[in-house]
Amino acid sequence: SAKWPKRSSNLRGIFDLDQKLKQLEELRHKSENPQVWNNPGQLQKINQEISILQKICDQWNDLNGRMEDSLVLLEMAKEADDEASFQEVVRDTQA
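Keep in mind that what you see is a predicted model, and the values were worked out from it rather than measured.

The rules behind these values
- Residues numbered from 1 in each chain as written.
- Predicted model: local features only at pLDDT ≥ 70, side-chain atom pairs only at ≥ 80, totals over all residues.
- Heavy atoms only, no water.
- Axes fitted to C-alpha atoms, helices over the stretch in contact; angles between N-to-C directions.
- Helix = DSSP H or I, 4+ residues; strand = E, 2+ residues; numbered from the N terminus.
- Left-handed = near helix turned anticlockwise from the far one by under 90°.
- Contact = heavy atoms within 4.5 Å.
- Nonpolar A, V, L, I, M, F, W, Y, C, P; charged D, E, K, R; others polar.
- Core = buried A, V, L, I, M, F, W, Y, C linked by side-chain atoms within 4.5 Å.
- Buried < 20%, exposed > 50% of the residue type's maximum accessible area, 1.4 Å probe, protein only.
- Parallel < 35°, antiparallel > 145°, perpendicular 65-115°, else oblique.
- pLDDT = per-residue confidence, 0-100.
- Expected span 1.5 Å × (residues − 1).
- Arc of directions from axis to C-beta.

## Some remarks on the packing of helix α2 (residues 17-31) against helix α4 (residues 40-80)
Two elements in contact, α2 and α4, have axes separated by 9 Å at closest approach and are oriented at 145 degrees. The crossing of α2 and α4 is left-handed. In this structure, α2 contributes L17, K20, L21, Q23, L24, L27, R28, K30 and S31 to the contact, and α4 contributes L43, I46, N47, E49, I50, L53, Q54, I56, C57 and W60. Here the contact of α2 with α4 is composed, by residue class, of eleven nonpolar, four polar and four charged.

Rendered as structure tokens:
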């Protein structure tokens, strides 16, 4: 459906994904600083934040991709009047 890209963009903003990606990039840059390497506690904290942000971004990308795939399958099922494919989309979205 044409509505998903708009909703996806809205949700991306609500969850502030762009800000999380920016933070992730800044933290990675910070972790490359040799002065940080001399402070194991600070480096560990930065790496933990990187890990958390990366997981959030990966989950978003996975969910968004699955949703887009489901919408394509739903459109194909609708055009072909294919009940089995429709049910597959229903099962996938409930998982």
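More follows now that the structure is in view.
## Quick notes on the nonpolar core
Among the nonpolar cores identified, the biggest contains seven residues, and these are L24, L27, V36, L43, I46, I50 and L53. In terms of residues, this core owes the most to one element, α4, which gives four residues. Look past the residues within four positions of L43 in its chain and what remains in contact with it is S31, V36 and W37.

## Focus on the packing of α4 against helix α5 (residues 83-94)
At a minimum axis separation of 8 Å, α4 and α5 run at an interaxial angle of 160 degrees. When the interaxial angle is binned, α4 and α5 end up roughly antiparallel. By crossing handedness, the relation of α4 to α5 is classed as left-handed. The residues of α5 that touch α4, namely those facing R66, S70, L73, L74 and A77, are S85, F86, E88, V89, D92 and T93.

## Looking at the confidence of the model for the protein chain
Per-residue confidence for the protein chain gives a mean pLDDT of 85; residues scoring 70 or more make up 84%. Mean pLDDT across the secondary structure elements of the protein chain bottoms out at helix α1 (residues 3-14), with 59, and peaks at α2, with 95.

## Let's talk about α2
An ideal rise of 1.5 Å per residue puts 21 Å on 15 residues; α2 measures up with 21 Å between its terminal C-alpha atoms. Among the residues of α2, L17, L24, L27 and S31 are the ones counted as buried. Each buried residue of α2 lies within a common arc of 80 degrees when the element is viewed along its axis, so the set occupies one face. Looking at α2, the residues exposed on the side facing more than 90 degrees away from the buried face are E25 and H29.

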